[in-house]
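Overview (structure and organization)
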Amino acid sequence: MLSILLVLLPVALLLLTGILADRLHLLPSGGAVALNQFVFNISMPCLVFSSTALCAPGDLAQGPYILGTLGVSFVCYWLVQLLLSRGLREIKAEAALMGFLSSFSNAAFLGLPVLMEVMPGNHEVVLASTITIVMATALIVFCMFLLEWYGNGEGLNRKKLLRKVVFSLLRNPILIATLLGGAVCLARFPIPEALLKFLRMAAATAVPCALVAQGMVLSVQMTSAAGGERHPRRQILVQLVKLLLMPLLTWWALDAFGVAPAWVAAGVVLAAMPTGSISFVISETYRVGERDCSQIILIGTAVSILTVPVFLYMLQRTVLTGL
């Protein structure tokens, strides 16, 4: 367990650096937004593209992994939404958001850096994270669709709404980088050495910048006064499902589907990550459960400092013994 904590120490220190940078005003106003946008629009797409484009075509055929992780995500989503909305039509929008919070992992800004520290040099880690990030768009589409539907009533045209949501996601830089990288991989298209060096240099900034940016976001959330009521029972339910039930179900599903050990470990670790910060943007956009969402992200990130090492220790004693 001590070795795992030592491996995760750089991750924690980079998060702390982001918190201190925000508190001490080491970066100008709007620095957190700029750093997040840099990671989201430049460094993370470069990392995703280079990892996907350079892999073997067979590495992309991960049907059991996709089925297991995506299936578990929707099970957790459905479970929380059902428990909260049962018999209470007036809180269906809040229930939809809580379901999303219980199934949407911080795979890009926290999960990938943790995996790269735990299993350095393993390209399967980046591929697993990339697939998980892309699959998360399905959860985002589903959540945004439900929030739009509940907010606009039955007169809304569902096809137009779905088309609007899908088109907005197709402008996602990480999704675009994944699709382009997959096309290059399948076509066996050679990448010029100069371009490859650029991609690797930009990709090298993804992990540290993502963690510092995440720390700055957490610092902002610590001091922000998000609107809306606070519902502790909802928050506890979401945290139990997200931090405990989801990784356990993912472990069971991937093992049942015969997924390779490295992919099982990656899937479990990513599932054990706290709720992603992007969910707060969705919450604020639709004016639904802003205060609950902010506290779930903040508290979940803090609690995951204890739960993630436990899952890593369990994986190290079982799945990762031969790696």
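Higher on the page you've got the structure.
Residues numbered from 1 in each chain as written. Predicted model: local features only at pLDDT ≥ 70, side-chain atom pairs only at ≥ 80, totals over all residues. Heavy atoms only, no water.

Of regular secondary structure, the protein chain possesses 14 helices and zero strands. In the protein chain, the order of α-helices and β-strands from amino to carboxyl end is α-α-α-α-α-α-α-α-α-α-α-α-α-α. Expressed as a percentage of the 323 residues in the protein chain, the buried residues total 52%. Of the contacts made within the protein chain by residues no fewer than 6 positions apart, 86% connect residues no fewer than 24 positions apart. (Helix = DSSP H or I, 4+ residues; strand = E, 2+ residues; numbered from the N terminus. Buried < 20%, exposed > 50% of the residue type's maximum accessible area, 1.4 Å probe, protein only. Contact = heavy atoms within 4.5 Å.)

Positive phi values are uncommon outside glycine, yet His 25 reaches one of about 55 degrees. With respect to the element layout, His 25 can be found in the loop between helix H1 (2–23) and helix H2 (31–53). For His 25, a relative accessible area of 67% puts it in the exposed group. We note that Arg 188 has phi near 55 degrees; this positive angle belongs to a residue other than glycine. With respect to the helices and strands, the residue Arg 188 is situated in the loop between helix H8 (173–187) and helix H9 (193–204). For Arg 188, a relative accessible area of 64% corresponds to the exposed category.

A few words now on helix H12 (residues 261–271). Most of H12 is tucked away, with ten of its eleven residues classed as buried. Those residues of H12 not exposed but buried are Ala 262, Trp 263, Val 264, Ala 265, Ala 266, Gly 267, Val 268, Val 269, Leu 270 and Ala 271.

Here we come to H9. Here H9 is twelve residues long and its end C-alpha atoms lie 16 Å apart, about the 16 Å a rise of 1.5 Å per residue gives. Along H9, the positions that sit buried rather than exposed are Leu 196, Leu 199, Ala 202 and Ala 203. Along the axis of H9, the buried residues cluster in a sector spanning 130 degrees; they form a single face. In this structure, H9 carries Ala 194, Lys 197, Met 201 and Ala 204 as exposed residues pointing more than 90 degrees from its buried face. (Expected span 1.5 Å × (residues − 1). Arc of directions from axis to C-beta.)

To continue, consider the packing of helix H11 (residues 232–256) against H12. Axis angle and axis distance: for two packed helices, these are the angle between their axes and the distance between the axes, and together they describe the pair. Two elements in contact, H11 and H12, have axes separated by 8 Å at closest approach and are oriented at 160 degrees. With respect to H12, the axis of H11 lies roughly antiparallel. The handedness of the crossing between H11 and H12 is right-handed. Facing Lys 242, Met 246, Pro 247, Thr 250, Trp 251 and Leu 254 of H11, the residues of H12 in contact are Trp 263, Val 264, Gly 267, Val 268, Leu 270 and Ala 271. For the contact of H11 with H12, the residue count by class is nine nonpolar, two polar and one charged. (Axes fitted to C-alpha atoms, helices over the stretch in contact; angles between N-to-C directions. Parallel < 35°, antiparallel > 145°, perpendicular 65-115°, else oblique. Left-handed = near helix turned anticlockwise from the far one by under 90°. Nonpolar A, V, L, I, M, F, W, Y, C, P; charged D, E, K, R; others polar.)

Our next topic: the nonpolar core. Ranked by size, the top nonpolar core spans 64 residues in total, and within it Met 44, Tyr 65 and Leu 315 carry the most contacts. For this core, the element with the most residues is H2, which contributes nine residues. In this structure, Tyr 77, Cys 143, Met 144 and Val 238 belong to the second largest nonpolar core, which totals 34 residues. (Core = buried A, V, L, I, M, F, W, Y, C linked by side-chain atoms within 4.5 Å.)

What follows concerns the packing of aromatic side chains. Scanning the model with the defined rule gives four aromatic pairs in all. Ring centres of Tyr 77 and Phe 142 lie 5.1 Å apart, and the angle between their planes is 65 degrees; on these two criteria the pair is classed as edge-to-face. Of this pair, Tyr 77 sits in helix H3 (residues 63–85) while Phe 142 sits in helix H6 (residues 123–152), and the two are 65 residues apart along the sequence. Measuring from centroid to centroid gives 4.8 Å for Phe 100 and Phe 104, while their planes differ by 20 degrees, and the two rings are stacked. (Phe/Tyr/Trp six-rings, centres within 6.5 Å; stacked < 30°, edge-to-face > 60°.)

Any functional reading would require information that these geometric values do not contain.
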